[in-house]
Amino acid sequence: MATTHTNENSVVIVGGGLVGLLAALLLAQDKIAVQVLEKSDEKKLHKRLLEVDRPISLNYRSYLLLKKLGVWEGLKKVASPICHVHVSEKGAYGVLRFSAKQNHIPVLGYVVPYRDLHEELLRQCKEVCDIEFQSEVESVTQSDQSVNLRCCNGLEFESRLLVAADGVHSKVRELLDIATTCIDRGKVAVTGVIDSSCQGDGTAYQRFTTEGIFAILPGFSQKKFLVWTMSDQQWQDVSQYDENKLAEVVESCMGSRLGSIASVQLRVPMPLQRVNAATQVSQRVVLLGNAAHTIYPIAAQGFNYSLQEVILLQQMIHSQCDYGASVVLESFNSVAAAKRKQLYGLLQSIDHYFEYQVPGASFIRGKLLSMLDYLPGKSALAKKFLGISLCDQLLMHE
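This write-up is about the structure you can find in this document.

1. Concerning the packing of aromatic side chains
- Tallied over the entire structure, the rule returns five aromatic pairs.
- When the centroid spacing of 5.8 Å and the interplanar angle of 40 degrees are considered together, the rings of Y60 and Y63 count as tilted. One end of the pair, Y60, and the other, Y63, are both in helix α3 (residues 60-68), three residues apart, so they sit about a helical turn from each other. Of the two residues, Y60 and Y63, neither departs from the other in class, the shared state being buried.
- Ring centres of W72 and Y110 lie 4.6 Å apart, and the angle between their planes is 55 degrees; this geometry places the pair in the tilted category. With a gap of 38 residues between them, W72 in the loop between α3 and β5 (80-82) and Y110 in strand β8 (residues 109-113) connect regions that are remote in the sequence. Assigned by exposure class, W72 and Y110 land together as buried.
- What links up through ring pairs into an aromatic cluster is the set Y60, Y63, W72 and Y110.
- When the ring centre of Y241 is taken as reference, the NZ or CZ atom of K245 above it lies at 5.5 Å.

Shown next as structure tokens:
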């Protein structure tokens, strides 16, 4: 016999990943009853996380959110600060630099291991939310007053609002028959760890080369995190390199910035596909994170942008009697769509800008980077990517 959990003032979140857990914590701070449903078994989830060895780059706004939620205390020991950002193109003269000091903030952001962030979020969620593991959703029924879910384990839930944060292959999105578009440009992102002779000084590098886009993130001591975006064809070649060849290629692309590279260890590649849901809201349902859209890892915007949408949702339903009312969700959808369109346009421009290869293109790009490095507009660009311009009083003045 099915067990039905009913709470007219509750929010049900499907998906116990980073975005779902952060949404749960933020809403719980507003004294909203939150139920999280995760399809995986807890022990299997923990085992799977131990195998995840990739970094998450947090911009300043995301760091402030984690601090506000009380999560940061458990991450400080594993967090590497980003104090400077250095953007350049191999073979071009110009450089664009950002620094925390220029933007009047203590840091530009932090790099934290994915698994540590997830485990800390899960630990804190258990203290303020109800979490049901092994609860994969098998049906969703919407009505004017509520949304009902039934799970494969027989559990049933009724709430005012359903938040689907169950990833790029969202079961909720599938059950609601929300169409998606997929743009596959034939690229992969490969994460890894670099061991070099240069001690870390808190500098993150974004380096555009013919061998792909290199994002080098600060780690501990002489270790740095690598996110290498390249074409599928390039990966076929790179995957055959031995450790010496990898170190030689990375050192050649980065120049002397990292010093002499002792080793490069690469992980499993992740296909880069831009998947967008036709709509981010349905009747009493909102999609968040990869369930709604995926973003290429340029300027570390994917996860950080999802957190901005979590904050936007919290602001939209704050002080509302009916969290899932159509006027609330439509307002969220309108604002989120406008911000997403602006971000997509900017990221696509950057992507195409550095892909354009004709004689003299690198020289022109270098000159433009140098000019931008000295223009007032650089500050506005930094604030866009750091989330500083969007920081509300609650986050900025704790």
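2. Comments concerning the state of the cysteines
- The full count for this structure, using the stated rule, is zero disulfides.
- Unpaired in this structure, C125 has its nearest cysteine sulfur neighbour in C129, at a distance of 4.5 Å.

3. Remarks on helix α7 (residues 243-254)
- The terminal C-alpha atoms of α7 lie 16 Å apart, and with 12 residues this matches the ideal 16 Å at 1.5 Å per residue to within 8%.
- Listed as buried for α7 are L246, A247, V249, V250, C253 and M254. Seen end-on, α7 carries its buried residues on one side only, within an arc spanning 165 degrees. Opposite the buried face of α7, at more than 90 degrees from it, the exposed residues are N244 and E248.
- Residues of α7 that are buried in the fold lie against β14 (180-196), β15 (203-209), β16 (212-218), β17 (223-231), α6 (232-238) and β18 (261-266).
- Between the side-chain oxygen of the N-cap and the backbone nitrogen of N244 there are 3.2 Å, and the N-cap of α7 in question is D242.

4. What to know about the nonpolar core
- Within the largest apolar cluster, 74 residues are counted, with the highest numbers of intra-cluster contacts made by L66, W72, L117, L121, F303 and F332.
- In terms of residue count, the dominant contributor to this core is helix α1 (residues 18-29) (10 residues).
- Once residues within four sequence positions are removed from consideration, L121 is found in contact with L18, L21, L22, L25, L66 and V71.
- Within the second largest apolar cluster, 20 residues are counted, among which are I194, L226, V238 and L246.

5. Here we look at the pairing of strand β6 (residues 84-89)
- In the sheet, β6 pairs with strand β7 (residues 95-99) via five bridges, with the strands oriented antiparallel. Directly across from H86, in β7, lies its bridge partner R97.
- The loop that links β6 with its antiparallel partner β7 comprises five residues; one of these, G91, has a positive phi angle of about 90 degrees.
- Where β6 lies against β15, six bridges are found, and the strand directions are parallel. If you follow S88 over to β15, its bridge partner there is R207.

6. Digging into the packing of helix α2 (residues 42-50) against helix α4 (residues 114-128)
- Between α2 and α4, whose axes approach to 9 Å, the crossing angle comes to 155 degrees. When the axis of α2 is compared with that of α4, the two are roughly antiparallel. Of the residues in α4, those touching α2 at E42, L45, H46, L49 and L50 are Y114, R115, H118, E119 and K126.
- Classifying every residue of the contact of α2 with α4 by side-chain character gives four nonpolar, two polar and four charged.

7. A few points about the pairing of β17
- Most of β17 is tucked away: seven of the nine residues are buried.
- Looking at chain direction, β14 and β17 are connected through nine bridges and run antiparallel. Its bridge partner lying in β17, T191 is registered against V227.
- Pairing analysis gives six bridges linking β16 to β17, with the strands arranged antiparallel. Residue pairing across strands places A215 opposite V227, the latter belonging to β17.

8. Quick notes on the sheet that holds strand β3 (residues 34-37)
- What the six strands build is an open sheet, ordered β9-β3-β2-β13-β21-β20; its pairing is mixed. The sheet is open, and its two edges are formed by β9 (130-132) and β20 (281-282), each paired on a single side.
- The sheet contact formed by strand β2 (residues 11-14) and strand β13 (residues 161-164) spans four bridges and is parallel. Directly across from V11, in β13, lies its bridge partner L161.

The rules we used
- Along each chain, residue indices are assigned from 1 in the same order as the chain's sequence is written.
- A pLDDT threshold of at least 70 governs which residues receive local features in this predicted model, and a stricter bar of 80 or more applies before side-chain atom pairs are shown or counted, although totals over entire chains, interfaces and linings include all residues.
- Computation of side-chain values covers all heavy atoms of the structure but excludes hydrogens and water.
- Working definition: rings of Phe, Tyr and Trp (its six-membered ring) pair if their centres are within 6.5 Å, and the pair is stacked with planes under 30 degrees apart, edge-to-face with planes over 60 apart, and tilted otherwise.
- Only runs of H or I of at least four residues qualify as helices and only runs of E of at least two qualify as strands under DSSP, and these elements are numbered from the N terminus.
- Burial classes: relative accessible area under 20% of the type maximum marks a residue as buried, over 50% as exposed, and values in between as partly exposed (1.4 Å probe, protein chains only).
- By the criterion adopted, a ring carries a charge over it if an Arg CZ or a Lys NZ lies within 6 Å of its centre and within 35 degrees of its normal.
- Two cysteine sulfur atoms make up a disulfide if the distance between them is within 2.5 Å.
- A helix is expected to span 1.5 Å multiplied by its residue count minus one.
- Throughout, the arc means the angular range of directions from the helix axis out to the C-beta atoms.
- The contact rule is simple, with two residues in contact once any of their heavy atoms fall within 4.5 Å.
- Under the rule applied, a polar contact is a pair of N or O atoms within 3.5 Å (in protein, one hydrogen donor and one hydrogen acceptor; residues adjacent in sequence only if both atoms are side-chain atoms).
- Throughout this description, the term nonpolar core refers to a set of buried Ala, Val, Leu, Ile, Met, Phe, Trp, Tyr and Cys residues connected via side-chain atoms within 4.5 Å.
- Here, a strand pair is defined by DSSP locating no fewer than two bridges between the strands.
- Only the contacting stretch of a helix is used when fitting its axis, a line to C-alpha atoms as for every element, and angles between N-to-C directions run 0 to 180 degrees.
- The labels follow the angle: roughly parallel below 35 degrees, roughly antiparallel above 145, roughly perpendicular from 65 to 115, and oblique for the rest.
- Residue type decides the class: Asp, Glu, Lys and Arg count as charged, Ala, Val, Leu, Ile, Met, Phe, Trp, Tyr, Cys and Pro as nonpolar, and the leftover types, Gly among them, as polar.

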